[in-house]
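Breakdown of the fold
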Amino acid sequence: MIDKIRTDVLEMLDVVPDGSSIAVGGFGLTGAPIMLCDALCDLGKKDLHIVANNAGIDPTGVGRLALEGRVRKFTGSFPSNKSFFALFHEGHVELELVPQGTLAERMRAAGAGIPAFYTPTGAGTDLATGNYPARYDSDGNVVEWLAPKDVRVFGGKPCVLEEALHVDFALVKAHQADRLGNAAFRLGSRNFNPSAAMAADVTFLEAQNIVDVGDIAPDAVHLPGIFVQHVIMSTGGWVGTPNAPGASW
Amino acid sequence: MSEIGTEIGWSREALAARAAQDVPDGSYVNLGIGIPMMIPSRIPADREVWFHTENGILGLGGVPAPDEIDLDVTNAGKEYATVVPGASIFDSSLSFAIVRGGHLDIAVLGGMEATPSGDLANWTAPGRTPGVGGAMDLVSGAKQVWVVMDHTDRRGRSKLMRRCTLPLTGARCVDRIYTALGVFRPAGSHFDCLELAPGVSEAVVREMTDAEVAFDLAPAEEPS
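The model shown is predicted, which means the values in this text are computed figures rather than measured ones.

Take the overall build of chain B next. Helices and strands together make up the secondary structure of chain B, namely five helices and 12 strands. Relative to a compact globule of 224 residues, whose C-alpha radius of gyration would be 17 Å, chain B shows 17 Å and is just as compact. Across its three principal directions, the C-alpha atoms of chain B cover 50 × 40 × 30 Å. Considering chain B as a whole, with its 224 residues, one finds that 50% of them fall into the buried category. Contacts in chain B between residues at least 24 apart in sequence constitute 64% of all its contacts with a sequence separation of at least 6.

What follows is the structure, encoded as structure tokens:
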């Protein structure tokens, strides 16, 4: 019998080696697996390559991982918070800045067996020509730039080659999940969670509620259990965005 | 808003209302942060317009009352939001299939610089924290890209430039620009001025604009 339900979060995540690549779901804190990020910190994991849309609100979620110096490289579209900015400019973390739709599609492609694809998004910009910093030294000098991307013209439009973004692990959060790993998300908390799960060899799912098999109707499963290897009940509560109107991070 | 912009032409509110006038009934629209976010409440009441947000909602509503806040409903600016009846919700990959697959009618974005060839810079400037979000996806994917912005920056420098000095969000992507001074269309070597804001003269636009502007299409300054 398949039973993916786990009860000890530290024991579950201890299998993640230092240096792993890890996709983390969520858009800001909406739908972000805070308990799983906290567990990685508590386990002392380090040298991680984190793939997520945002670099988090410090000191929560991905933001806590970054602030504690556990992130070697960040791949994402909006690491726009001050603490991350300082870590990047002081040479503590490498950055691969990616347009948001390209990030989602690169993860989806990894899960769908597509090694690479062309897209017009980003063509002709610094993110495609490699004219954007990827790493600074401790004195604030750029020591590495983004790699320039291959360009081909399709239908008269220049398009850039984007490679699938495969990761070792994914941390995702769902509203409901069963012992098979079938998961359903509530409202806007779905966001990057399904793509992150698809991109990973092994997906850990933090569930707000664990339900019996069959409780989620087959056509209401947003993420089929085949993409999920471990399910654990969330103890972190329901976390929302603390962003005030007009704030930006 | 620039000092100049508050003195002549449209206010921020009037500018949002002016852009809202041009959004056709039945449109699917994505809005950037800033003045574009002021458009929904100014859409004429007899039009049905659907708002898309990058984080996976088609049918975004307004700001919730304090007792209506749902932690799972936020907009692309990560502020609490609402959904309207008839809305649909999906994951980021499908959300960007909507954006990149050419299904959105209009993306209305803020801007830092735009040129007569339709180039747009609006995602970064020196000293800014890194963050591109969905801006590059939107300018490459939406059927039309409108820019709503101040005519000049805080130092009074024109944002309608011959060439962008800031890193591009996209090349040859802008269809229309709304500023406090009027409505403009990139026309290759120059901007066509389609309309002047009330009380704004051609001379003022010329003086405050780095790029060339043609006025053949603009209605008379004082309608008879």
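Generally, phi is negative for residues other than glycine and the peptide bonds are trans, each holding for most cases. Residues and elements named next belong to chain A. Positive phi, normally seen in glycine, also occurs at Asp 47, with a value near 65°. Among the structural elements, Asp 47 can be located in the loop between helix 2 (34–42) and strand 3 (48–51). For Asp 47, a count of 13 C-beta atoms within 10 Å puts it in the partly exposed group.

This brings us to the confidence of the model for chain B. Residue and element names in this part refer to chain B. Chain-level pLDDT for chain B is 93 on average; 94% of the residues reach the 70-or-more range. Across residues 1–6 the pLDDT falls below 50, and counting only partners more than four positions away or on other chains, this stretch makes 16 contacts in the model. Interface predicted TM-score (ipTM) for the complex: 0.94; the corresponding pTM is 0.94.

Let us now look at the interface of chain B and chain A. In this assembly, 35 residues from chain B lie in contact with 41 residues from chain A. Listed by contribution, the elements that provide at least two residues to the side of chain B that touches chain A are helix 3 (92–100) and helix 4 (135–141) of chain B. Looking at which element gives the most residues to the side of chain B that touches chain A, the answer is helix 3 of chain B, with five residues. Tallied by class, residues from the side of chain B that touches chain A come to 15 nonpolar, 12 polar and eight charged.

Turning to the pairing of strand 8 (residues 144–148) of chain B, a few remarks are in order. Residue and element names in this part refer to chain B. Counted residue by residue, strand 8 has four buried out of five residues, so it is predominantly covered. Bridge count for strand 5 (residues 106–109) against strand 8 is four bridges, and the pairing is parallel. What sits directly across from Ile 106, in strand 8, is Gln 144. As paired strands, strand 8 and strand 9 (residues 176–179) are joined by three bridges and run parallel to one another. Each bridged residue has a counterpart across the sheet, and for Val 148 the counterpart in strand 9 is Tyr 178.

Attention now moves to the packing of helix 5 (residues 100–112) of chain A against helix 3 of chain B. One way to put it is that helix 5 of chain A packs onto helix 3 of chain B with a least axis distance of 9 Å and a crossing angle of 125°. One way to sum up the angle between helix 5 of chain A and helix 3 of chain B is to call them oblique. The way helix 5 of chain A lies across helix 3 of chain B gives a crossing that is left-handed. Where helix 5 of chain A abuts helix 3 of chain B, its residues Gln 100, Gly 101, Ala 104, Glu 105 and Arg 108 of chain A lie against Ser 92, Ser 93, Phe 96, Val 99 and Arg 100 of chain B. When the residues that make up the contact of helix 5 of chain A with helix 3 of chain B are grouped by side-chain class, the tally is three nonpolar, four polar and three charged.

Bringing the pairing of strand 7 (residues 133–136) of chain A into the picture now. Residues and elements named next belong to chain A. Bridge count between strand 7 and strand 8 (residues 142–145): three bridges; the pairing is antiparallel. For Pro 133, the partnering residue across the bridge sits in strand 8 and is Trp 145. Where strand 7 hands over to strand 8, the hairpin turn is made up of five residues, of which Gly 140 adopts a positive phi near 85°.

Grouped together as the largest cluster of nonpolar side chains are 133 residues, with contacts concentrated most on Ala 23 and Ala 170 of chain A. No other element matches the seven residues that strand 11 (residues 167–177) of chain A contributes to this core.

Looking now at the sheet that holds strand 9 of chain B. Spatially, 10 strands are ordered 4-3-2-1-5-8-9-10-11-12 (chain B) in an open sheet, and the strand pairing comes out mixed. Looking at the sheet topology across the chains shown, the edges are occupied by strand 4 (83–89) and strand 12 (213–214) of chain B.

Calculation criteria
Residues numbered from 1 in each chain as written. Chains lettered and ligands numbered in written order. Predicted model: local features only at pLDDT ≥ 70, side-chain atom pairs only at ≥ 80, totals over all residues. Helix = DSSP H or I, 4+ residues; strand = E, 2+ residues; numbered from the N terminus. Rg over C-alpha atoms; globule rule 2.2 N^0.38 Å. Buried ≥ 20, exposed ≤ 12 C-beta atoms within 10 Å, placed from the backbone. Contact = placed C-beta atoms within 7 Å. pLDDT = per-residue confidence, 0-100. Nonpolar A, V, L, I, M, F, W, Y, C, P; charged D, E, K, R; others polar. Pairing = 2+ DSSP bridges. Axes fitted to C-alpha atoms, helices over the stretch in contact; angles between N-to-C directions. Parallel < 35°, antiparallel > 145°, perpendicular 65-115°, else oblique. Left-handed = near helix turned anticlockwise from the far one by under 90°. Core = buried A, V, L, I, M, F, W, Y, C linked by C-beta atoms within 7 Å.

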